[in-house]
Amino acid sequence: AKHRGKNQFILFTDAMQKKLMEHHQEELALAKAIKNHQLVLYFQPQFDLEVSKVIGAEALVRWIHPQKGLVFPDQFIPLAEQSGQILELGNYVIRKSFEYLRSRFDLGLPPILLHINLSSLQLSDLNLVPFVKEMIDLYKVPGHYIGFEITETTLLTDLEHAKKTLNGLKALGICIAIDDFGTGFSSLGQLKNLPVDLIKIDRSFVMDLENDPDDKMIVEAIIAMAHKLDTQVIAEGIESHGQLQMLRDFKCDLGQGYLISRPIPEAEFNRFDEDITPL
Ligand code: C2E
Ligand code: CA
Ligand code: CA
Ligand code: CA
């Protein structure tokens, strides 16, 4: 029995060791990817529903892997969040975003508001506000060209600290958006004490807008309430003309989704026609 016990123990540690090694190798690969600039930003246009014009974009990170090709964020962001590498990755994304806005100005392209996704570890990072300030000064890009997308769950884990950081960002002119709104358990009331400029209605509500009366009612109510609180609303995941029309009827301010464009590489986004009137 003793013998078997020992073998089992060894088997267990082998499996664990293997898992740890794999994990460790993935972390090393990601660290190398950041260092070697294998992470690039794709841009998904965000447009004004009333005047049918592109006014901004969401920066979405991609890993151009030497063997695997294009790797999507769900394959490495969770790992980066677990290992803490999200701080380095996040700062890289912020720097690349400023670099991109600088290049747009230098090319004489119309100004846009660029939204960047922020993980909870980044929001609790005391260096976030000073780092963003440094980027504003270095790239000479005013803060009001940048927005941060933060999920409700991220905000509500440490509300007091989040509030301080958000106020620090606001002081730099940065726009604050609540991402995936409606999927957490917060209410607009809880958000009213935070400096929130924009609410992003989660794709899951937009998806069934035409078929699910509940979703229709929820979306309509979110928009009406947000407007009463002087907050703008953007809908994500617009894939059909029907969805677009309903959102327009509800006076939703902005939109984003495959109907207009998937996230695209920088060069393609620079050529993207800002006038989307036919839609
Ligand atoms: P998210 O912030 O909710 O981003 C929206 C996701 O929905 C993107 O997936 C986008 O490509 C996709 N999407 C946009 N329009 C449509 C549509 O009409 N239909 C459908 N089916 N999907 C649509 P993506 O690029 O794979 O990003 C996935 C998630 O990875 C993001 O979700 C975000 O949470 C995270 N992420 C991406 N880039 C970053 C980053 O730089 N930092 C952090 N912390 N997270 C990031
Ligand atoms: Ca987002
Ligand atoms: Ca989202
Ligand atoms: Ca989402």
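Labelled according to an unreviewed UniProt entry, the protein appears under the name EAL domain-containing protein, originating from Rhodanobacter aciditrophus.

Visitor: Tell me what's going on with the overall build of the protein, and back it up with residues and numbers.
Guide: Secondary structure summary: the protein contains 12 helices and 10 strands in total. With the C-alpha coordinates aligned to their principal axes, the bounding extent of the protein is approximately 75 × 45 × 40 Å. The buried share of the protein, reckoned over its 279 residues, is 45%. A separation threshold of at least 6 residues defines the contact pool for the protein, and within that pool the share at least 24 residues apart is 67%. A total accessible area of about 14800 Å² is found for the protein, and carbon and sulfur atoms account for 56% of it. Placing the 28 positive and 39 negative side-chain charges of the protein at their respective mean positions leaves the two points 7 Å apart.

Visitor: Give a detailed account of the pairing of strand β8 (residues 232-235), specifying residues and quantitative values.
Guide: Within a regular strand, side chains alternate between the sheet's two faces. The sheet contact formed by strand β7 (residues 198-201) and β8 spans four bridges and is parallel. Of the residues in β8, the one forming a bridge with Ile-199 is Val-233. Of the strand pairs in this sheet, β8 and strand β9 (residues 254-255) are connected by two bridges, and their pairing is parallel. By the bridge assignment, Ile-234 is partnered in β9 with Leu-254. Following the chain from β8 across helix α11 (residues 241-249) to the adjacent parallel β9, one finds a crossover that is right-handed.

Visitor: Account for the site of ligand 1, naming residues and giving values.
Guide: Residues in contact with ligand 1 amount to 23 residues; listed here are only the nearest, Gln-44, Arg-62, Ser-119, Glu-239 and Tyr-258. One of the side-chain nitrogen or oxygen atoms of Asp-179 is found 3.1 Å away from an oxygen atom of ligand 1. Contact distances for ligand 1 include 3.0 Å between a nitrogen atom and a side-chain N or O atom of Arg-203. Assessed atom by atom at 2 Å from the grid points, ligand 1 resides in the largest pocket. Broken down by secondary-structure element, the contributors of at least two residues to the shell around ligand 1 are β2 (53-65), α3 (86-107) and β6 (175-181). When residues in the shell around ligand 1 are grouped by element, the largest group, four residues, is from β2.

Visitor: Requested: an account of a nonpolar patch on the surface, with residues and values cited.
Guide: A surface patch of nonpolar side chains, about 250 Å² in accessible area, is lined by Ile-64, Leu-70 and Phe-72. Inspection of the secondary structure assignment puts Ile-64 in strand β2.

Visitor: Account for the environment of Phe-72, naming residues and giving values.
Guide: The topology assignment puts Phe-72 in the loop between β3 (69-71) and α2 (77-83). On a C-alpha basis, the gap between Phe-72 and Leu-60 in space is 9.1 Å, while along the polypeptide they are 12 residues apart.

Visitor: So, the coordination of the calcium ion (ligand 3): which residues are in play, and what are the values?
Guide: Distances from the calcium ion (ligand 3) to its protein donors, Asp-179 (OD), Asp-180 (OD), Glu-236 (OE) and Glu-236 (OE), fall at 2.3 to 2.6 Å. Read from N- to C-terminus, the donor residues coordinating the calcium ion (ligand 3) fall into the pattern D-D-x55-E. Here the calcium ion (ligand 3) and the calcium ion (ligand 2) are spaced 3.8 Å apart, and both take Asp-179 as a donor.

Visitor: Just give me the short version of the packing of aromatic side chains, but keep the residues and values in it.
Guide: The final tally for this structure, using the stated rule, is six aromatic pairs. Between Trp-63 and Phe-76, the ring centres sit 5.6 Å apart and the planes meet at 90°, which makes this aromatic pair edge-to-face. Here the residue Trp-63 occupies a position in strand β2, and Phe-76 occupies one in the loop between β3 and α2, the gap between them amounting to 13 residues. The burial state of Trp-63 is the same as that of Phe-76; both residues are buried.

Reading the values: rules and limits
- Residues numbered from 1 in each chain as written.
- Chains lettered and ligands numbered in written order.
- Predicted model: local features only at pLDDT ≥ 70, side-chain atom pairs only at ≥ 80, totals over all residues.
- Heavy atoms only, no water.
- Helix = DSSP H or I, 4+ residues; strand = E, 2+ residues; numbered from the N terminus.
- Buried < 20%, exposed > 50% of the residue type's maximum accessible area, 1.4 Å probe, protein only.
- Contact = heavy atoms within 4.5 Å.
- Areas by Shrake-Rupley, 256 points an atom, 1.4 Å probe, with all protein chains shown as cover.
- Lys, Arg positive; Asp, Glu negative; His and termini not counted.
- Charge placed at Lys NZ, Arg CZ, Asp CG, Glu CD.
- Pairing = 2+ DSSP bridges.
- Right-handed = clockwise from strand over helix to strand, strands pointing away.
- Near = heavy atom within 4 Å.
- Polar contact = N/O pair within 3.5 Å; in protein donor to acceptor, adjacent residues only side chain to side chain.
- 1 Å grid on protein atoms, 1.4 Å probe; cavity = no way out; pocket = protein on both sides within 12 Å on 5 of 7 lines; lining within 4 Å.
- Sits in = over half its atoms within 2 Å of the grid points.
- Patch = residues over 30% accessible without salt bridge, like charges linked within 9 Å, V, L, I, M, F, W, Y side chains within 5 Å.
- Salt bridge = Lys/Arg side-chain N within 4 Å of Asp/Glu carboxyl O.
- Donors = N, O, S within 2.8 Å, 3.2 Å for Na, K, Ca; no water.
- Phe/Tyr/Trp six-rings, centres within 6.5 Å; stacked < 30°, edge-to-face > 60°.

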